[in-house]
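Results of the structural survey
Each chain is listed here by its residues.
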Amino acid sequence: MILVLVETDASGADEVSRETITFARNLSAAGGGVPIDAVVIGDLPVPAESLTDQLASYGVRDVHHVTGDAFSAYGGASWASAVVSVRETTGSVVVTAGGTPRGMEVLAHLAARKGVAMAANVVSFGGLSPFTVTRQVVGGAVLEEMVLDERPAVFTVAGHAVEASPAEARGDGRLVSVNPEVDTADLVARVVSSDPPAADLSGGLKSARVVVGAGRGAGGANKFDDLLELTSLLDGELGVSRVVTSLGWRPHHEQIGQTGSRISPDLYVACGISGAIQHWAGCSSAKTILAINTDAEAPMVSKAHYAVIGDLHEVVPAINEEIKRRRG
Amino acid sequence: MTNVLVCVKRVVDSSGEVVLTEDGQSVDGKFAGYTMSNHEECAVELAVQATAATGGTATVLTLGEPEAVEQLRAALAVGCTAAVHVEADAGAFGPSDVAREIAAVVKEHEAAGRPHDLVLLGNDAADSGDFQVGIRLAYELGRPVVNGAARVTVEDGHVVAGVEAPTGYETYRVPLPAVVTVLEGGVEPRYPTVPGRMKAKKVEVETRSPATEPRGAKRVRLLLPPPQPSSVQILGKGADAAPAVVDLLEQLGVTR
Ligand SMILES: Cc1cc2nc3c(=O)[nH]c(=O)nc-3n(C[C@H](O)[C@H](O)[C@H](O)COP(=O)(O)OP(=O)(O)OC[C@H]3O[C@@H](n4cnc5c(N)ncnc54)[C@H](O)[C@@H]3O)c2cc1C
Ligand SMILES: Nc1ncnc2c1ncn2[C@@H]1O[C@H](COP(=O)(O)O)[C@@H](O)[C@H]1O
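Residues numbered from 1 in each chain as written. Chains lettered and ligands numbered in written order. Predicted model: local features only at pLDDT ≥ 70, side-chain atom pairs only at ≥ 80, totals over all residues. Heavy atoms only, no water.

An unreviewed UniProt entry lists chain B under the name Electron transfer flavoprotein subunit alpha, from Nocardioides silvaticus. According to the UniProt record, the Cofactor (unreviewed entry) comment for chain B is "FAD". (UniProt positions renumbered as here; feature names shortened; annotations may be inferred.)

Labelled according to an unreviewed UniProt entry, chain A appears under the name Electron transfer flavoprotein subunit alpha/FixB family protein, originating from Nocardioides silvaticus. According to the UniProt record, the Sequence similarities (unreviewed entry) comment for chain A reads "Belongs to the ETF alpha-subunit/FixB family."

1. Description of the UniProt feature "domain: Electron transfer flavoprotein alpha/beta-subunit N-terminal" (unreviewed entry) in chain B
The UniProt record annotates "domain: Electron transfer flavoprotein alpha/beta-subunit N-terminal" (unreviewed entry) at residues 28–217 of chain B. In residues 28–217 of chain B, the share of helix is 32% and the share of strand is 29%. The end C-alpha atoms are 18 Å apart. (Helix = DSSP H or I, 4+ residues; strand = E, 2+ residues; numbered from the N terminus.)

2. Here's the deal with the confidence of the model for chain B
Averaged over all residues, the pLDDT of chain B equals 95, while 100% of them reach at least 70. Taken together, the chains of this predicted complex give a pTM of 0.91 and an interface ipTM of 0.93. (pLDDT = per-residue confidence, 0-100.)

3. Overview of the interface of chain B and chain A
Contact with chain B, which involves 62 residues of that partner, is made by 69 residues of chain A. Both faces combined, the contact of chain B with chain A buries some 5600 Å², and carbon together with sulfur accounts for 59% of it. Interface area lost by chain B to chain A is led by B:Y139, B:Y172 and B:K218, which between them contribute 12%. At the junction of chain B and chain A, the tally comes to 9 salt bridges. Note that B:E250 and A:R326 form a salt bridge whose closest N and O atoms lie 3.1 Å from each other. At the junction of chain B with chain A, the criterion picks out 29 residue pairs in polar contact (both at pLDDT 80 or more). Of all elements in the fold, only α4 (133–141), β9 (145–149), β12 (168–175), β15 (219–223), β16 (233–237) and α6 (242–252) of chain B reach the threshold of two or more residues within the side of chain B that touches chain A. Here the residues of the side of chain B that touches chain A are counted per class, giving 33 nonpolar, 16 polar and 13 charged. Inspection of the sheet shows strand β12 (residues 191–195) of chain A paired to β12(B) by 4 bridges, in the antiparallel sense. Across the sheet, the residue bridging to A:S193 is B:T171, located in β12(B). (Contact = heavy atoms within 4.5 Å. Buried area = accessible area lost by both parts, 1.4 Å probe. Salt bridge = Lys/Arg side-chain N within 4 Å of Asp/Glu carboxyl O. Polar contact = N/O pair within 3.5 Å; in protein donor to acceptor, adjacent residues only side chain to side chain. Nonpolar A, V, L, I, M, F, W, Y, C, P; charged D, E, K, R; others polar. Pairing = 2+ DSSP bridges.)

4. A short note on the environment of A:A164
All names here are of chain A. Assignment of secondary structure puts A164 in the loop between β10 (153–157) and β11 (174–178). With a relative accessible area of 18%, A164 lands in the buried category. For the pair formed by A164 and I21, sequence separation is 143 residues and the distance between their alpha carbons is 7.8 Å. When neighbours within four sequence positions are excluded, A164 is seen to be in contact with E15, R18, E19, T22 and Y58. (Buried < 20%, exposed > 50% of the residue type's maximum accessible area, 1.4 Å probe, protein only.)

5. What about the sheet that holds strand β7 (residues 82–87) of chain B?
All names here are of chain B. Reading across the sheet, the 7 strands line up as β9-β13-β8-β1-β6-β7-β14 and stay open at both edges, with parallel pairing between neighbours. Only two strands of the sheet have a single neighbouring strand rather than two, namely β9 and β14 (206–208). Taking the axes of each pair of neighbouring strands and ignoring which way they run, one obtains an average angle of 20° across the sheet. Bridging between strand β8 (residues 118–122) and strand β13 (residues 178–182) involves 5 bridges; their strand directions are parallel. (Axes fitted to C-alpha atoms, helices over the stretch in contact; angles between N-to-C directions.)

6. Topic: the site of ligand 1
Lining the immediate environment of ligand 1, one finds 27 residues, of which A:R216, A:S241, A:T259, A:S274 and A:N293 sit closest. Flanking ligand 1 are residues from chains A and B. At a separation of 3.0 Å, an oxygen atom of ligand 1 approaches a polar backbone atom of A:Q258. A distance of 3.5 Å separates an oxygen atom of ligand 1 from a polar atom in the backbone of A:G260. Summarising the interface, the protein chains cover 81% of the accessible area of ligand 1, which totals 990 Å² for the free molecule. Mapped onto the shell around ligand 1, the elements with two or more residues apiece are α7 (242–246) and α8 (277–283) of chain A. Here the residues of the shell around ligand 1 sort into 7 nonpolar, 16 polar and 4 charged. (Near = heavy atom within 4 Å. Areas by Shrake-Rupley, 256 points an atom, 1.4 Å probe, with all protein chains shown as cover.)

7. Let's talk about the sheet that holds strand β10 (residues 151–155) of chain B
By definition, the strands of a sheet pair up through backbone hydrogen bonds, in either a parallel or an antiparallel sense. One open sheet accounts for 4 strands, arranged β12(A)-β12(B)-β11(B)-β10(B); its pairing is antiparallel. In this open sheet, the two edge strands, each paired with only one partner strand, are β12 of chain A together with β10 of chain B. Across the sheet, the axes of successive neighbouring strands diverge by a mean angle of 20°, strand direction being ignored.

8. What to know about the pattern of salt bridges
Opposite charge on two side chains allows them to pair when their charged atoms are near. All told, the structure shown has 37 salt bridges over all chains when counted by the stated rule. Through salt bridges with shared partners, a single ionic network connects A:E322, A:R325, A:R326, B:D247 and B:E250.

9. A word on unusual backbone geometry
With an omega of 0°, the peptide bond running from A:S129 to A:P130 counts as cis. Note the cis peptide between B:L176 and B:P177, where omega equals 0°. Here B:P177 is to be found in the loop between β12 and β13. A positive phi is found at A:N121, a non-glycine position, where the angle reads about 60°. Within the element layout of this structure, A:N121 appears in strand β7 (residues 118–127). Here the phi dihedral of B:F131 falls at roughly 55°; this positive angle occurs in a residue that is not glycine. With respect to the helices and strands, B:F131 occurs in the loop between β8 and α4.

Right under this line is the structure:
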């Protein structure tokens, strides 16, 4: 059996979790149709029935919902202890999760507890005997083939490595409530307070027809005026690289990529973005890509359909002026 | 007083073109040079800040080839006060091997009256990207662990760690001794000063051999993703390209 740790958001199972289940279905098929179960922990943002219904459409058999006071706040160790307990009762031979901060953390705990290896950021499955996966290393510039010869085989699936798609055959989607005991030692490192994130406005980004992207080349938190003007002239949305969110220049919900949103606009204008594989994972579905970059050798430039070589702070204002001039 | 151990890994600088060694087992650093990850640079900075605030020691550790002493010196130059070098071929060590070696050092130092109350690591190494050494280390030591913290401070026997999560800014408060893995972004690593570099040269590095045989990584081989043929059309250079860009925007029908 394959056990998938599912994370949730306002849509039910979040996109990366649905991608991970889609990925798990390949394994399931290779194994002659081994069932896929999901484990979801803590309070649900949607009614349980709508989550189980959604997961059933992805081919999931049982949905193990872990409840109890111990899970009111997130903690890597307590979540892992719950996943371990579900894995013991189900006898899963594979445990997987999305390559998100929590997916990575919980499965690393689980692997340490079980004394087995964990493969992070898997992008493809090579075969069952031996159980082989390929994963991203060196910031995505290199792929590593790895053998997971212990049980359970533990790995996380890189965000947006596959596209989430419902299964041909529905699963049962049976809700199984579980309330595992948690060791007090596993409750020591838990979130004690949390400031809610800036409102999640990524919906607009995901469905935008035009996205103007900004990376480290933007140069600072106060240097987005031209980019925002272009965004508004094109009636689009602003999207950014992880460097931009890590440096605190823009909010996380604007991030495009493996650990951000996946966009599919008609036009993506990528300004000052190098085009790392993790960024590409989020923007490769754009119909047309225009890169603006000082470096003609940047991967984003060679992957784009069109490019302008130059400083975005010169190019973007000139574009804005030209649009306004033609509009009169 | 808090004594901090911070773990850094010598990795090939992968900001430029990446080349593999002939056996396909590692990344070749002959031309690209070596560095440590941004996460680890931030961990070093946090270690130095925490010890400055509480008056303890900041020890930097690496497991790697003899040349990895360069990364130890870099951390000493920005304020670490002691260094440990487990001399070994890091490529032959899997993440659980590395965790076991770090734990061996922590336990031995503790027995010798030099406890490391707080161990900081990067969230993930820039080359192997295993996302797990810190967590495995916590299990080796029987300590709590916070993962992916951008901010780390020490107050009355506790480490307070702030994680910039998709679900919001989350705070952990965990009693020492503890392990924390660091994600870049919360602090700006400082640059070494000339006196800092001079001081770093004088520190005697504790060099040791691995405590146990490594079990190794589960690697079969490394591969480079196939190069994508480029079909980019260059519209021009600088501001002069604006008319060509707007022609394209009109052609795509996105200028309203
Ligand atoms: C597990 C993992 C997950 C990740 N997830 C994501 C993700 O979801 N999204 C993401 O984006 N990244 C992600 N990353 C990070 C990714 O590897 C890159 O580090 C990041 O995308 C680089 O951002 P950047 O292009 O803005 O910066 P850089 O790589 O520093 O590139 C800056 C670019 O701007 C150009 N430039 C500089 N100045 C100017 C100027 N004035 N005008 C025009 N061009 C200029 C430079 O030539 C360069 O090409 C992830 C990494 C890992 C390891
Ligand atoms: N060979 C090593 N020597 C010292 N620290 C290491 C080594 N390998 C990994 N680490 C630490 O563990 C963190 C996570 O690594 P990883 O789990 O391999 O992605 C790194 O950011 C380092 O802080």
